[in-house]
Amino acid sequence: MSSKENVKIAPADGKLGILIPGMGAVSTTFMAGVEAVKRGLAQPIGSVTQLATIRLGKRTEGRSPKIKDFVPLADLKDLVFGAWDIYGDNCWEAAEKAGVLEKSLLEQLRQPLSSIQPMKAVFDPDFVRRISGPNLKEKGSKMDQAEMLMEDIRNFRESSGASRLVMIWCGSTEVFHKPSAIHQTLKDFECGLMKNDPEISPSQIYAFAALKSGVPYANGAPHLSADAPVLMDLARERQVPICGKDFKTGQTFMKTLIAPGLKSRMLGVSGWFSTNILGNRDGKVLDDPDSFKSKEETKLSVLEQILQPDLYPELYKNVYHKVRIDYYPPRGDAKEGWDNIDIFGWLGYPMQIKIDFLCRDSILAAPLVLDLVLFLDLAQRAGLRGVQEWLSFYFKAPMTAPGLYPEHDIFIQLMKLKNTLRWLRGEDLITHLGLEYYD
Ligand SMILES: NC(=O)c1ccc[n+]([C@@H]2O[C@H](COP(=O)([O-])OP(=O)(O)OC[C@H]3O[C@@H](n4cnc5c(N)ncnc54)[C@H](O)[C@@H]3O)[C@@H](O)[C@H]2O)c1
């Protein structure tokens, strides 16, 4: 299918404003990284939009442009940042406290980062329990708070001179909630906002404010946010793209690399034990069992969907899957994730795989933030609205249309992403059939 005539993509003229609830380890590493790349101090390693190529046409044609030269993405020099946080530190101070980047690099970025002051946050200690801070909006109904956020968005648009905006949640993980009656229709949700319904979380108030303002929204954390039915409907109605949730970085990234490989060779799995230690603020919040429950849900769902025990009961019916996260302050952001995988092969003979991933959480997450904001902006300029399933590649718990199971296999996700870009530009989709080479 070709869409050359159909999809018109508006040019990426002017500045793109990135609005971020949560100015912690991930978002400061992202903003500092963009400023460093802009100044030629470092390379955007890990970013598909900046580094990856895309093959077009037949293998014999030799056409493999960089993605950023193929689709019209915002240029890094045109990105401007705004954020909210419960702490009053500016972005430079918050980056220093997060302890991810070296002081020598941060020193060179002092000017652009110190100018990013967090706006006052919409916060609710019932949803994030282990931290508290002074930089909060004055009390009022949840609707008042949504309106204050919409005013922040308007003010930022004006003061930054941005022609387009994107919002991405990089705030703490909220406690586990399922969608309730209040999350079904706009009428009920707005009524809930006015009556301070306890089921409405701060991240949903940010998402509501973004969508009402026509701003695309992504959720980098695992809790319920724009994936509530009412907000998915609102996004479609307002012609706004959304995606989420929970950045696929360390251990789950490894899981979605390895599990499809085992399945492709029809090797069985009897157990998968995953444990992590991390000592940053995220680890502290996740030490609360109800916040951990949000994370556990997204981390556990991955294996079942990839292995498909219903289709392969002899291989995956009895997988014992356990995920743990322990808060261990000495490690800071340098998380260690261990996996023990018990597998079995020919005639049922058992084997083991051990993975010890000494990673850096925010170094893995920052390029995902960059790609997501650039692609969401592209999606909006291309007239795409609602859930952007082609961005599943970036998430542990990809959002889908209701009733559709998410695709977790990272290689299928990448093919889907690249085919969506080809489709947007009217290029042939690549099926990898390849019979034509042998005619
Ligand atoms: N780093 C990764 O690899 C990774 C992977 C997947 C998901 N995540 C998620 O991304 C989020 C950010 O991670 P992080 O390491 O930067 O955490 P962090 O604790 O360093 O930063 C989160 C920030 O959000 C702020 N915050 C909390 N509630 C807020 C609110 N209502 N409004 C505004 N600010 C608020 C906190 O004060 C904190 O500064 C977490 O939810 C984490 O679970 C991170």
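Residues numbered from 1 in each chain as written. Predicted model: local features only at pLDDT ≥ 70, side-chain atom pairs only at ≥ 80, totals over all residues. Heavy atoms only, no water.

1. Focus: the layout of surface pockets
Our working rule: Here a cavity denotes a set of grid points, spaced 1 Å apart and computed over the protein atoms alone, in which a 1.4 Å probe fits but from which it cannot get out, and a pocket denotes an open set meeting protein on both sides within 12 Å along at least five of seven lines; residues with an atom within 4 Å of a point are reported as lining. Grid points are joined across faces, edges and corners, and a volume is the space filled by probe spheres set on the points. Helix and strand assignments follow DSSP, with helices taken as H or I runs no shorter than four residues and strands as E runs no shorter than two, numbered in order from the N terminus. Basically, the charged four are Asp, Glu, Lys and Arg, the nonpolar ten are Ala, Val, Leu, Ile, Met, Phe, Trp, Tyr, Cys and Pro, and anything else, Gly included, counts as polar.
Quantified by volume, the second largest pocket comes out at close to 610 Å³. Asp227, Lys245, Thr298, Ala397 and Pro398 are the residues nearest the centre of the second largest pocket, which is lined by 27 residues in total. It is helix H13 (residues 289-307) that contributes the most residues to the lining of the second largest pocket, six residues altogether. Its residues assigned to classes, the lining of the second largest pocket comprises 13 nonpolar, nine polar and five charged.

2. Comments concerning a nonpolar patch on the surface
Quick note on the threshold: Candidate patch residues must exceed 30% relative accessible area and have no salt bridge, after which like charges are joined if within 9 Å and Val, Leu, Ile, Met, Phe, Trp or Tyr side chains if within 5 Å. With residues, only the protein chains shown are counted as cover, and all accessible areas are computed by Shrake-Rupley using a 1.4 Å probe. Think of a salt bridge as a Lys or Arg side-chain nitrogen and an Asp or Glu carboxyl oxygen that are within 4 Å of each other.
A cluster of nonpolar side chains, contributed by Trp346, Leu347 and Tyr349, occupies part of the molecular surface with about 500 Å² of accessible area. Along the chain, Trp346 turns up in the loop between strand E9 (336-344) and strand E10 (350-358).

3. A closer look at the environment of Leu234
The line we're drawing: Contacts were defined at the residue level, with two residues in contact if any of their heavy atoms lie within 4.5 Å.
Topologically, Leu234 is positioned in helix H10 (residues 229-237). Once you skip the residues sitting within four places of it in the chain, Leu234 turns out to touch Leu186, Phe208, Leu211 and Lys212.

4. A closer look at H10
To keep things clear, this is the line we draw: For every residue, the accessible area obtained with a 1.4 Å probe (protein chains only) is divided by the maximum for its type, and the residue is called buried under 20%, exposed over 50%, and partly exposed between those limits.
All of the buried residues along H10 are Val230, Leu231, Met232, Leu234 and Ala235. Here the buried face of H10 lies against helix H8 (186-194), helix H9 (202-212), strand E6 (241-244) and strand E11 (386-387). Just past H10, the residue Gln239 takes up positive phi, approximately 60 degrees.

5. Considerations on empty space enclosed by the protein
Space left empty within the atom packing is revealed by a probe, the size of a water molecule, rolled over the atoms. One pass over the full model with this rule turns up one cavity of 30 Å³ or more. In this structure, the largest cavity spans a volume of roughly 30 Å³. For the lining of the largest cavity, the per-class residue count stands at three nonpolar, four polar and one charged.

6. Notes on the pattern of salt bridges
The final tally for this structure, using the stated rule, is 21 salt bridges. Of the charged contacts in the structure, one is a salt bridge between Lys416 and Glu389, with a shortest N-O distance of 3.8 Å. Residue Lys416 is located in helix H16 (residues 410-424), and its partner Glu389 is located in the loop between E11 and H16; the two are separated by 27 residues in the primary sequence. A relative accessible area of 31% places Lys416 in the partly exposed class. Via salt bridges that share partners, Glu35, Lys38 and Arg39 belong to a single interconnected network.

7. Quick look at the site of the ligand
Quick note on the threshold: Throughout, the term near means that a residue has one or more heavy atoms lying within 4 Å of the molecule or strand in question. N or O atoms within 3.5 Å of each other form a polar contact, as long as, within protein, one can give a hydrogen and the other can take it, and as long as residues adjacent in sequence are counted only when both atoms are side-chain atoms.
Taken together, the neighbourhood of the ligand is formed by 31 residues, with Val26, Asp85, Val122, Gly171 and Arg281 sitting nearest. For the ligand, an oxygen atom lies 2.7 Å from a polar atom in the backbone of Gly171. Asp282 places a polar side-chain atom, nitrogen or oxygen, 2.9 Å from an oxygen atom of the ligand. Against a free-state accessible area of 840 Å², the protein chains account for coverage of 99% of the ligand.

8. Quick look at the sheet that holds strand E7 (residues 268-278)
Note the following rule: By definition, two strands form a pair when at least two bridges between them are found by DSSP. All axes here are fitted lines through C-alpha atoms, helices being fitted over the stretch that makes contact, and every angle between N-to-C directions spans 0 to 180 degrees.
Spatially, four strands are ordered E8-E7-E9-E10 in an open sheet, and the strand pairing comes out mixed. A single partner strand is all that each edge strand has here, and the edge strands are strand E8 (320-327) and E10. Each neighbouring strand pair of the sheet contributes to a mean axis angle of 10 degrees, computed without reference to strand direction. Sheet analysis places E9 next to E10, joined by nine bridges and oriented antiparallel. Each residue of the ladder has a partner; that of Ile341, found in E10, is Ile353. Strands E7 and E8 of the sheet are contacted by H13, whose axis makes an angle of about 150 degrees with E8.

9. Some details on the packing of H9 against H10
As a reminder, the rule being used: An angle below 35 degrees is read as roughly parallel, one above 145 as roughly antiparallel, one from 65 to 115 as roughly perpendicular, and any other as oblique. By convention, the crossing between two helices is left-handed when the near helix turns anticlockwise from the far helix through less than a right angle, and right-handed when the turn is clockwise.
Taken N-terminus to C-terminus, the directions of H9 and H10 make an angle of 15 degrees; their axes are 9 Å apart at the nearest point. The angle between H9 and H10 falls in the class roughly parallel. The hand of the H9/H10 crossing is left-handed. From H9, Gln204, Ala207, Phe208, Leu211 and Lys212 reach across to H10, where they touch Leu231, Leu234 and Ala235.

10. Let's talk about the nonpolar core
Inside soluble globular proteins, nonpolar side chains tend to come together where they are buried. Which entries qualify depends on this criterion: Note on terminology: a nonpolar core comprises buried Ala, Val, Leu, Ile, Met, Phe, Trp, Tyr and Cys residues joined through side-chain atoms within 4.5 Å.
Ranked by internal contacts, the top residues of the largest apolar core, which has 64 residues, are Phe30, Leu79, Ile168, Phe247, Phe375, Tyr394 and Leu421. Secondary structure elements with two or more residues in this core: strand E1 (15-21), helix H1 (25-38), helix H3 (67-70), strand E2 (79-85), helix H4 (91-98), strand E4 (162-169), helix H15 (361-381) and H16. A per-element tally of this core places H15 first, with 12 residues. Excluding residues within four positions of it along the chain, Phe375 makes contact with Thr49, Ile67, Leu73, Trp390, Leu391, Tyr394, Leu417 and Leu421. One finds Phe123, Met150, Phe156 and Tyr217 within the second-largest nonpolar core, a separate group that totals 46 residues.

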